[in-house]
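Descriptive structure summary
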Amino acid sequence: MAGFGLGFQSPGEETHAVELAVRGRIPEWLSGVLLRNGPAKFEVGGTGFRHWFDGQAMLHRFAIGRGRVEYANRYLDTPSSQAVLQERRIRYQEFATDPCRNMFARFFTPFLRSRPVNPNVNISRFGDRFVALTETPLPVEFAPDTLATLGVVDYDDRLGGQFTTAHPHQDPVTGDLVNYVTHFSRRSEYRVYRQRTDGTPQRELLGRHRVDEPAYMHSFAITARYVVLVEFPLVVNPYRLLLSGRPFIENYRWKPERGTRFVVMDREDGRVRAVLSGPACFAFHHINAWEEKGRLFIDLCAYQDSSIIEALYLDTLRAGGPLPQASPMRYCLDPEAGTVTGEPLAGESLELPRIAYQQRNGRPYRYAYGVGSRDGRTDDFLNQLVKIDVRDGGTLLWREEGCYPGEPVFVAAPPGHDAHGAEDEGLVLAVVLRSATASSYLLVLDARTFQEVARAEVSHAVPFGLHGIFVRHQLRSGTRGEFGS
Ligand code: CO
């Protein structure tokens, strides 16, 4: 097995708050918690999950303060993970694994069975509440200090829908969370909603869009005025989803002749202003979007087709590929002219993109951070960190032999710590797997220069994660704050 295979292995035991050895000097202002989520349990008894995205969710917590770092991890406690960890069997349908071969159960409970969710994709905040997310619209709340599971956040509304994204956006104007659900039925539709971030999670329908064959959309775009659903031609017949008995994603079909459809919905009145067609492509992740003089700019990490999903089956990954690479692309939509044009933003491949989200989401921006593959090669896993200047395609790279970094999270320097106010003044945090020592470390880069500032060593390999957030602490003089609690 290639060295990166350690990233797809379950860690032996949970880790309870250990202090990590730090090399270099972490700036004093970096005070808070990096919370990350990802699949971490892949084997069950004598069998196993089939796909990377099926692994049972583990939360990771890097508490950073006064130059020190403490690490802990913990499995989310859900009916799905209880079956796996205690009964040692797979009981519930995942992204690409379905244990149910019984026709009766298959017919009557395809969506009910997905209720005991395994939210292994992302982390978000509903005000003061922290939630783990996946593509089933049932967030699971957890305690950010202990990583203890608190329970499913069940919405008390009639929005419906069986599929959503683990990438809600913050409305760049109001601060509300915005997301969509896909409602599968004879009259399937996408339902875009908003959710205020205070009080009880309440969703409010913003608009709907009918669709015969819903697309697999892992994320979407938001601008000051619009939501843009980018329908890649990986689509599903809802009846097949209900009746085929195949795992969720294996019901989808790649239909490049449909092209990619950009559904532009006005958040003011929920009306779809335009549906524009562009060349077929596939993406998991949007980078950013904004509007300018009647045109819309949509940046995303585009694959030529949807074969990346097959490439992420564990057998294929552990056998060493090949791993298709995504290109950072910019699509310019002109609703007036009805045109879509696309151009690459840089020569490097890019996945798991992050930006200075609080400052630039839905607005023109300059820098994107992500992971990529050295020279765009497909015979290794993601093995470098990439910073792209989207204005001119300039790139900075960080890489180390035999090392595999995860999603780089940008943390802006607080006011007073820099003199320029540039978009890239801050730090980039990434968990890196080092195959030679079978261990991982938290890497801290200067976001401007992409040079290493510090690293904190974990004594074992941390499975590859998907997404996470950095939660800043208020600096209070005279207290130790979060760290060491
Ligand atoms: Co994602």
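Everything below is about the structure printed above this text.
Since this is a predicted model, take the numbers as computed values, not measurements.

A word on unusual backbone geometry
Even without glycine at this site, Leu352 takes up a positive phi of about 45°. Among the secondary structure elements, Leu352 is positioned in strand β27 (residues 351-354). A positive phi angle, near 60°, is found at Phe450, a position not held by glycine. Following the sequence through the fold, Phe450 ends up in the loop between β34 (439-446) and β35 (452-457).

Description of the side chain of Asp266
The residue Asp266 is located in strand β21 (residues 260-266) in this model. Take Asp266: its relative accessible area is 0%, and that puts it in the buried class. Polar contacts involving the side chain of Asp266 include one to the side chain of Arg225, which spans 2.8 Å. From its side chain, Asp266 meets the backbone nitrogen of Glu268 in a polar contact 2.9 Å long.

Describing the pairing of strand β8 (residues 122-126)
Taken across its 5 residues, β8 has 4 buried, putting it largely inside the fold. Relative to strand β9 (residues 129-133), β8 runs antiparallel, the two being bridged by 5 bridges. Across the sheet, Phe126 pairs through a bridge with Arg129, a residue of β9. The antiparallel pairing of β8 with β9 creates a hairpin that spans 2 residues between the two strands, and Gly127 there sits at a positive phi of about 65°.

Description of the coordination of the cobalt ion
Looking at the cobalt ion, one finds its protein donor set to be His167 (NE2), His218 (NE2), His285 (NE2) and His467 (NE2), positioned 2.0 to 2.1 Å from the metal centre. One can describe the site at the cobalt ion as irregular: its 4 donor atoms subtend angles covering 93 to 158° at the metal. Counting the intervening residues between successive donors of the cobalt ion yields the motif H-x50-H-x66-H-x181-H. One end of the pair, His167, is in the loop between β12 (163-164) and β13 (169-170); the other, His467, is in strand β36 (residues 467-472), and 300 residues separate them in sequence. An identical accessibility class is assigned to His167 and His467; each is buried.

Some remarks on the sheet that holds strand β6 (residues 56-65)
Reading across the sheet, the 5 strands line up as β1-β7-β6-β3-β36 and stay open at both edges, with antiparallel pairing between neighbours. Unpaired on one side and paired on the other, β1 (18-19) and β36 mark the two borders of the sheet. Note: β6 against strand β7 (residues 68-75), 8 bridges, orientation antiparallel. The residue bridging Ile64 from the neighbouring strand is Val69, located in β7.

Some thoughts on the packing of aromatic side chains
In total, this model carries 32 aromatic pairs according to the counting rule given. Considering the side-chain rings of Phe163 and Tyr216, the 5.7 Å spacing of their centres and the 65° angle between planes classify their relative orientation as edge-to-face. With a gap of 53 residues between them, Phe163 in strand β12 and Tyr216 in the loop between β16 (203-210) and β17 (221-222) connect regions that are remote in the sequence. This pair shows no difference in class: Phe163 is buried, exactly as Tyr216 is.

A word on the nonpolar core
One finds Trp52, Tyr216, Val228, Tyr331, Leu333 and Phe381 to be the most contacted residues of the largest nonpolar core, which totals 110 residues. When neighbours within four sequence positions are excluded, Leu333 is seen to be in contact with Val228, Phe262, Val264, Leu276, Arg295, Leu296, Ile298, Thr339 and Val340. Among the nonpolar cores identified, the runner-up in size contains 22 residues, and Leu20, Tyr71, Val409 and Leu427 belong to it.

Calculation criteria
- Chains are numbered independently. Their residues run from 1 in the order of the written sequence.
- Given that the model is predicted, a residue must reach a pLDDT of at least 70 before its local features are reported, and side-chain atom pairs must reach 80 or more before they are shown or counted; all residues, however, enter totals for whole chains, interfaces and linings.
- To obtain the side-chain values, all non-hydrogen atoms of the structure were used and water was disregarded.
- Think of it this way: any DSSP run of H or I at least four residues long counts as a helix, any run of E at least two long counts as a strand, and we number them from the N terminus.
- Buried residues are those whose accessible area, probed at 1.4 Å on protein chains only, stays under 20% of the maximum for their type, while exposed residues exceed 50% and partly exposed ones sit between those limits.
- Whenever two N or O atoms come within 3.5 Å, that pair is a polar contact, provided that in protein one can donate a hydrogen and the other can accept it, and provided that, for residues adjacent in sequence, both atoms are side-chain atoms.
- At least two DSSP bridges between two strands are needed for those strands to be called paired.
- Counted as coordinating are nitrogen, oxygen and sulfur atoms within 2.8 Å of the metal, or 3.2 Å for Na, K and Ca, while water is not included, which may make sites look incomplete.
- All geometry calls rest on donor angles, where a four-donor set with angles between 85 and 135 degrees is tetrahedral, four- and six-donor sets with opposite donors more than 155 degrees apart and all others between 65 and 115 are square planar and octahedral, and all else is irregular.
- Only centres within 6.5 Å qualify two rings of Phe, Tyr or Trp (six-membered ring in Trp) as a pair; their planes then separate them into stacked at under 30 degrees, edge-to-face at over 60, and tilted for everything else.
- As used here, the term nonpolar core means buried Ala, Val, Leu, Ile, Met, Phe, Trp, Tyr and Cys residues forming a set that is joined through side-chain atoms within 4.5 Å.
- When checking whether two residues touch, look at their non-hydrogen atoms; a contact exists if any pair is within 4.5 Å.

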